[in-house]
Amino acid sequence: MRHVVLCLAGVLALAIPAVGSESSAPPGGLCLVYATTQSAVSPPVIELHLLEAKSRARQPLYRDPEEGNRILVKIASSDIVGAGRAVPPSSVYVMMGPALAGLCPDAMCRLRISQSAKLYDPEPLFPVPLCFSDASPYGMWNRAPTFAVSRDGGRFAISALRAGEIRFDRPTIRILSGAGEELWQIALDDQLLYVADLAWSPDGGSLAYLVMPQGDAHTLDDAPLPLAGLYVADTAARSTRMVRHCFADALAWGPTPGRITVAERQGGVWGSRHVGRVLSLPSGKKVEEFSLRGHVSALHYSADSRWLAVQTMIEDRQQIWLYPRAGGWGRPLLELSPGEGRLSLLGWVRVSPGVLGE
């Protein structure tokens, strides 16, 4: 029996390479972009940072100026970046505008990172009129919304309660071109739902999005619960359908073009911990499951889909974990110390190897 156990352990060791081994280590220059929000000050201050996956070296990229436009934050339930995405190889997209909502001169902006890990000045792409949405459930703000960017930067999907002074009857996903032209609107099926996360397919033809119910233990309405889950929209046919009924808070398209990874709550709508599930399209069937630690709020695959970065909260510890694809065991890359602010993982970029260690 002891011999059998030892043999089985050896097979497992061969089947799942260690993340830290040289053969499975991420290449130099492969970096994560993350934001920290100092919510103790008013208005909150946003900083952007680079984190190299191989060396764990960190470098500051950006800090909000005291005057002028700054990266916008999501104020509804917590002061964190609600609108930021890194798109390989070197672009970071953010919503920027004045600290206080007024005439709403807000804009989608692109920040480019050089090979020497320097950040160029923000480049406004197109205006996005954001403002308060007093009539929305629980008085949530619509500034700034969660959004997703296609790999070529040609399409945007933005969750919205309003577009300037126009209030939508239900929470809506706005599909915009790279120039800001409105292409399509996807209205959710109930006012008491919200968009938890969005992700474009590699070819930019489909959009995956997670729908969750609004409310807490005292205010949650059971009626919209069956509508919660993973949806996929076909932008050419302008159709959308539920792929899987679930309660999930984060998703990433991958690790292959025909699969989507979601972080589902364990124990239903009130679950506080997550499990990773890889779903096959178009069926939505689970093809793989893996452990995730704590409460997960972001998933991001590298451009080659070899690495999965996960933002998690374990008790009061904010961490970023690295997994080889979606399987095996992950390891922590970063843990924010007290006082460093609220964490928001934006995605992957590439710089020249070694520049963060200089």
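See above for the structure.
Within each chain, residue numbers correspond to sequence positions counted from 1 in written order. Local features in this predicted model are restricted to residues of pLDDT 70 or higher, and side-chain atom pairs are both shown and tallied only at a pLDDT of 80 or more, whereas totals for entire chains, interfaces and linings draw on every residue. Excluded from the side-chain calculations are hydrogens and water; all other atoms, namely the structure's heavy atoms, are used.

Student: Got a minute to help me understand the overall build of the chain in this structure?
Tutor: Under the scheme used here, helices are H or I runs from DSSP no shorter than 4 residues and strands are E runs no shorter than 2 residues, and both carry numbers assigned from the N terminus. On a plain count of helices and strands, the chain comes out with one helix and 25 strands. Type-normalised accessible area, obtained with a 1.4 Å probe on protein chains alone, sets the label of each residue: buried when under 20%, exposed when over 50%, and partly exposed for intermediate values. When burial is assessed residue by residue, the chain has 54% of its 358 residues classed as buried. Partitioning the contacts of the chain with sequence separation of at least 6, the portion at a separation of at least 24 is 48%. Contacts were defined at the residue level, with two residues in contact if any of their heavy atoms lie within 4.5 Å.

Student: Help me understand the sheet that holds strand E3 (residues 58-63), please; the structure alone is not making it clear to me.
Tutor: The strands making up a sheet associate through hydrogen bonds between their backbones, and the pairing can be parallel or antiparallel. When DSSP finds two or more bridges between two strands, those strands count as paired. Spatial ordering of the open sheet is given by E3-E2-E1-E25, a layout of four strands whose pairing is antiparallel. Looking at strand neighbours, the two that pair on one side only are E3 and strand E25 (342-350), the edges of this open sheet. Averaged over all pairs of adjacent strands, the angle between strand axes in this sheet comes to 25°, irrespective of strand direction. Note: strand E2 (residues 45-52) against E3, five bridges, orientation antiparallel. The residue of E3 that forms the bridge with histidine 49 is proline 60. A fitted line through C-alpha atoms serves as each axis, taken over the contacting stretch for helices, and the angle formed by two N-to-C directions is quoted from 0 to 180°.

Student: Sorry, what's going on with the pattern of salt bridges here?
Tutor: Opposite charge on two side chains permits them to pair, given that their charged atoms come into close proximity. When a carboxyl oxygen of Asp or Glu lies within 4 Å of a side-chain nitrogen of Lys or Arg, that pair is called a salt bridge. Taken as a whole and judged by the stated rule, the model has ten salt bridges. Notably, a salt bridge pairs arginine 85 with aspartate 197, separated by 2.7 Å at the nearest N-O pair. Of this pair, arginine 85 sits in strand E5 (residues 84-87) while aspartate 197 is found in strand E13 (residues 193-200), placing the two residues 112 residues apart along the sequence. Just as arginine 85 is buried, aspartate 197 falls in that class too. Close ionic contact of glutamate 289 with lysine 286 constitutes a salt bridge, the shortest N to O distance being 3.0 Å. Sharing partners across several salt bridges, the network here consists of Arg244, Glu264, Arg277, Lys286 and Glu289.

Student: Explanation requested: the side chain of serine 305 in the structure shown.
Tutor: Structurally, serine 305 is set in the loop between strand E21 (295-301) and strand E22 (307-314). For serine 305, a relative accessible area of 9% translates into the label buried. Engagement of the side chain of serine 305 in a polar contact is seen with the backbone oxygen of proline 255, the distance being 3.1 Å. Polar contact criterion, stated in full: a pair of N or O atoms within 3.5 Å, where within protein one must be able to donate a hydrogen and the other to accept it, and residues adjacent in sequence count only if both atoms are side-chain atoms.

Student: Can you walk me through unusual backbone geometry in this structure?
Tutor: Where the residue is not glycine, phi is negative for most of them; where a peptide bond is considered, it is trans in most cases. Cis geometry is adopted by the peptide bond preceding proline 89, which originates at proline 88 and carries an omega value of 5°. Turning to its location among the elements, proline 89 is positioned in the loop between E5 and strand E6 (91-97). Omega for the bond connecting leucine 281 with proline 282 falls within 30 degrees of zero, at 5°, which places this linkage in the cis form. Of note, proline 282 is situated in the loop between strand E19 (274-280) and strand E20 (286-291). Positive phi outside glycine occurs at alanine 117, with the angle close to 65°. Examined against the element boundaries, alanine 117 turns out to sit in the loop between strand E7 (107-112) and strand E8 (123-127). For alanine 117, a relative accessible area of 2% gives the class buried. Positive phi outside glycine occurs at arginine 238, with the angle close to 55°. Here arginine 238 lies in the loop between strand E15 (229-234) and strand E16 (239-245).

Student: Hey, could you run me through the pairing of E21 in this one?
Tutor: Every other side chain in a regular strand lies on the same face of the sheet, so the side chains alternate between the two faces. Counting buried positions along E21 gives five out of seven residues, so the element sits mostly inside the fold. Sheet topology places E21 next to E22; six bridges connect them, and they run antiparallel. Each bridged residue has a counterpart across the sheet, and for histidine 300 the counterpart in E22 is alanine 309.

Student: Just to check I follow, could you spell out the sheet that holds strand E24 (residues 331-335) for this structure?
Tutor: The strand order across the open sheet built from four strands is E21-E22-E23-E24, with neighbouring strands paired in antiparallel fashion. Every interior strand has two partners, whereas the edge strands, E21 and E24, have only one. Between one strand axis and the next, the sheet turns through 25° on average, direction left out of account. Pairing of strand E23 (residues 317-324) with E24, which is carried by four bridges, proceeds in the antiparallel orientation. Along E24, the bridge assignment pairs glutamine 319 with glutamate 335.

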